[in-house]
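Observations on the three-dimensional arrangement
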Amino acid sequence: MKKYLVILMSVLSFGAFAQKAPASPPAVVIQKVGNTEVMVKYAKPSVKGRLVFGTKEQKALVPYGEVWRTGANDATTIEFSNDVTIQGKPLAKGVYSLFSIPGTTEWTVIFNSDAKQWGAYTYKAEKDVLRVTGKVSEHAMTEQFNISVSPQGQISLDWDKSSVSIYVK
C-alpha cells in the first residue's frame, strides 16, 4: 500500500510542477544604437485566427483609433540609456511605457512617463512625454507580436500582416 501511495504522490507532485506556457509569453529586446542601449520589455500575444486590427464593429482585438498597450499583459516598456531623438523629436533618457494608436495607414506611437501600468486601463494622456507617427506597411504574416530594434535605430512593431517602424538616433 505504501508503494502505491508513494507512486501516486510522485505523479501528483510532478503534475503540480508541469506548467502550461503563457498565452502571451514575455520578451526582452536589448540593442545598442550608437552609444545608447535600448531595452524593450513586452509580452507577445498571438493572432490565433482572430481579427487583430480593425474596427470595433468588426470586433477587432485591437480597434483602430484606440490606445493599445502595444503588446499584452503589463504595458510594454522601453528604456534608453542616453537622451535620444525619435522621428527627429527629442526624448530624455529613462524608462517609458510604450502605447500606440493603430490606424489603417499610420500609427501614433506614444512614450508615456508612467512605466508601471497593467495594460492601458490606467493610461493617462497627460503623462505622455512624446507622440510620433509611423507608416503602416504590409508585412509577411507574423503570428506572434514582435518588437525588434536594429543597430541602425529602426524600431519595428510587427503583427499579423502589419508592420510599423519608427527611428531612434
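Residues numbered from 1 in each chain as written. Predicted model: local features only at pLDDT ≥ 70, side-chain atom pairs only at ≥ 80, totals over all residues. Heavy atoms only, no water.

Let us look at the confidence of the model for the protein. Parts of the model with low pLDDT should not have their predicted coordinates read in detail. Residues at a pLDDT of 70 or more form 89% of the protein, whose mean pLDDT is 90. Contacts from residues 1-16, a stretch scored under 50 in pLDDT, to residues over four places away or in other chains number zero contacts. (pLDDT = per-residue confidence, 0-100. Contact = heavy atoms within 4.5 Å.)

Turning next to unusual backbone geometry. One non-glycine residue, lysine 59, lies in the positive phi region at around 60 degrees. When you line up the elements, lysine 59 lands in the loop between β3 (53-54) and β4 (62-63). Taking the relative accessible area as the measure of exposure, lysine 59 reaches 72% and is therefore exposed. With a phi angle near 50 degrees, glutamine 87 is a residue other than glycine that sits in the positive phi range. (Helix = DSSP H or I, 4+ residues; strand = E, 2+ residues; numbered from the N terminus. Buried < 20%, exposed > 50% of the residue type's maximum accessible area, 1.4 Å probe, protein only.)

Moving on, we come to the sheet that holds strand β8 (residues 94-101). Pairing within the open sheet is antiparallel, and its seven strands lie in the order β1-β2-β5-β8-β9-β10-β11. Lying at the two open borders of the sheet, with one neighbouring strand each, are β1 (26-33) and β11 (154-167). Sheet twist, expressed as the mean angle between neighbouring strand axes with direction ignored, is 30 degrees. Alignment of strand β2 (residues 36-43) against strand β5 (residues 76-80), held across four bridges, turns out to be antiparallel. Each residue of the ladder has a partner; that of lysine 41, found in β5, is threonine 77. (Pairing = 2+ DSSP bridges. Axes fitted to C-alpha atoms, helices over the stretch in contact; angles between N-to-C directions.)

Further remarks concern the pattern of salt bridges. Tallied over the full model, the rule gives three salt bridges. Of the charged contacts in the structure, one is a salt bridge between glutamate 106 and lysine 135, with a shortest N-O distance of 3.2 Å. Taken as a pair, glutamate 106 in strand β9 (residues 106-112) and lysine 135 in strand β10 (residues 128-149) lie far apart in primary sequence, 29 residues in all. Owing to a relative accessible area of 59%, lysine 135 belongs among the exposed residues under this scheme. (Salt bridge = Lys/Arg side-chain N within 4 Å of Asp/Glu carboxyl O.)

With that settled, consider the nonpolar core. Across soluble globular proteins, nonpolar side chains have a tendency to be buried as a group. With 32 residues, the main nonpolar core has Val40, Ile78, Phe80, Ile86, Leu91, Phe111 and Trp159 as its most contacted residues. Going through the elements one at a time, β1, β2, β5, β6 (84-86), β8, β9, β10 and β11 are the ones with two or more residues in this core. Phe99, Ile101, Ile110 and Tyr123 belong to the second largest nonpolar core, which has five residues in total. (Core = buried A, V, L, I, M, F, W, Y, C linked by side-chain atoms within 4.5 Å.)

To continue, consider the packing of aromatic side chains. Applying the stated criterion across every chain, the model contains eleven aromatic pairs. Considering the side-chain rings of tryptophan 68 and tryptophan 159, the 5.7 Å spacing of their centres and the 10 degrees angle between planes classify their relative orientation as stacked. Linking tryptophan 68 in the loop between β4 and β5 with tryptophan 159 in strand β11, this pair joins segments that are 91 residues apart in sequence. Take tryptophan 159: its relative accessible area is 1%, and that puts it in the buried class. Through successive ring pairs, a cluster of aromatic residues spans Tyr42, Phe53, Trp68, Trp107, Phe145 and Trp159. (Phe/Tyr/Trp six-rings, centres within 6.5 Å; stacked < 30°, edge-to-face > 60°.)

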